[in-house]
Amino acid sequence: MNESERIALFIDGANLYATAKSVGFDIDYRRLLREYQTHGRLVRAFYYTAMVDDQEYSSIRPLIDWLDYNGYAVVTKPAKEFVDSTGRRKIKGNMDIELAVDAMEMAEHVDHIVLFSGDGDFRSLVEAVQRKGVRVSVVSTVMTQPPMIADELRRQADDFIDLAHMAGKIGRDVGERSDRPIRHVDRRTSTHTTMPSHEPEEIDD
């Protein structure tokens with residue numbers, strides 16, 4: 001472990017949520033931050049997600065507010081709603097461009113980027129960042145069928161970390177889990193001492 005290594009985290013929110021769900025645990029974002037603070041000098045932790053802004057209540061809003069107050073740089077944009085060929089209501093939100101632009105800018109200021117996503121579209125980004133001399137680790141899983149990580153992304157990364165092996169370090173304690181619905185958090189009055197669950201809308205990349 002290099003204590004002087006400058007690290008930046010890039011979290012594809014919807015992808016990480018789906019990956020954690022597939023391997024059977026909830027992410028404790030406070031523990032995730034602390035974990036990487038022990039690996040070196042954590043410069044920035046980005047979290048990306050699309051949001052449905054025209055709804056009175058969004059189930060992901062409490063998590064976004066908590067992250068915003070507790071050390072994460074949260075990047076959001078409105079998701080687009082459409083009806084597919086079968087008549088089902090779908091919500092589409094892709095944050096790839098926003099993540100890629102930020103990663104290229106941060107590459108000048110860090111030694112190591114950790115990407116929490118299995119999306120194969122990020123392979124070219126990883127290659128470009130590596131050309132700038134930055135090491136790239138990718139966090140996803142191969143424990144599912146099919147694997148959550150695209151093979152080309154795993155091959156391009158300098159290191160692959162299986163999320164399933166991180167459950168003990170960044171998973172939420174069972175006692176903290178709650179089946180109660182999340183209520184809206186008022187950012188003007190809340191101190192956000194309790195981290196809410198992540199229960200996102202059904203969003204397609």
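(A) Up close: helix 3 (residues 61–69). Taken residue by residue, helix 3 has Pro62, Leu63, Ile64, Asp65, Trp66 and Leu67 as its buried positions. Where helix 3 is buried, its residues contact helix 2 (29–37), strand 2 (41–51) and strand 3 (73–78). In the stretch just after helix 3, Gly71 is the one whose phi turns positive, near 100°.

(B) Spatial organisation of the pairing of strand 6 (residues 112–116). The element strand 6 is extensively covered by neighbouring structure, given that five of its five residues are classed as buried. Neither face of strand 6 is left uncovered, since the one carrying His112, Val114 and Phe116 and the one carrying Ile113 and Leu115 both have all their residues buried. In the sheet, strand 1 (residues 6–12) pairs with strand 6 via five bridges, with the strands oriented parallel. Bridged to Ala8 within strand 6 is Ile113. The sheet contact formed by strand 6 and strand 7 (residues 135–140) spans five bridges and is parallel. Along strand 7, the bridge assignment pairs Leu115 with Val138. For the handedness criterion, the β-α-β arrangement of strand 6, helix 5 (residues 123–131) and strand 7 is classed as right-handed.

(C) Quick peek at the pairing of strand 1. Most of strand 1 is tucked away: six of the seven residues are buried. Of the strand pairs in this sheet, strand 1 and strand 2 are connected by seven bridges, and their pairing is parallel. Bridge pairing links Arg6 to Arg41 in strand 2.

(D) Spotlight on helix 2. Turning to helix 2, its buried residues are Tyr29, Leu32, Leu33, Glu35 and Tyr36. On an axial view of helix 2, the arc spanned by its buried residues comes to 160°, and they lie on one face. Backbone nitrogen of Arg30 and a side-chain oxygen of the N-cap are separated by 3.0 Å at the start of helix 2; the cap is Asp28.

(E) Looking closely at the confidence of the model for the chain. Averaged over every residue, the pLDDT of the chain is 84; residues scoring 70 or more account for 78%. Here residues 177–193 is modelled with pLDDT under 50, and outside its nearest four sequence neighbours on either side it reaches 28 contacts, counting other chains as well. Of the regions scoring below 50 in pLDDT, residues 199–203 engages in 20 contacts with residues more than four places distant in sequence or in other chains.

(F) Quick peek at the packing of aromatic side chains. Tallying each qualifying case throughout the model produces six aromatic pairs. Here the aromatic rings of Tyr29 and Tyr47 are separated by 5.7 Å at their centres, their planes lie at 85°, and the arrangement is edge-to-face. On the criterion of sequence distance, the pair formed by Tyr29 in helix 2 and Tyr47 in strand 2 is long-range, its members being 18 residues apart. You'll find Tyr29 and Tyr47 in the same group, each marked buried.

Calculation criteria
Residues numbered from 1 in each chain as written. Predicted model: local features only at pLDDT ≥ 70, side-chain atom pairs only at ≥ 80, totals over all residues. Heavy atoms only, no water. Buried < 20%, exposed > 50% of the residue type's maximum accessible area, 1.4 Å probe, protein only. Helix = DSSP H or I, 4+ residues; strand = E, 2+ residues; numbered from the N terminus. Contact = heavy atoms within 4.5 Å. Pairing = 2+ DSSP bridges. Right-handed = clockwise from strand over helix to strand, strands pointing away. Arc of directions from axis to C-beta. Polar contact = N/O pair within 3.5 Å; in protein donor to acceptor, adjacent residues only side chain to side chain. pLDDT = per-residue confidence, 0-100. Phe/Tyr/Trp six-rings, centres within 6.5 Å; stacked < 30°, edge-to-face > 60°.

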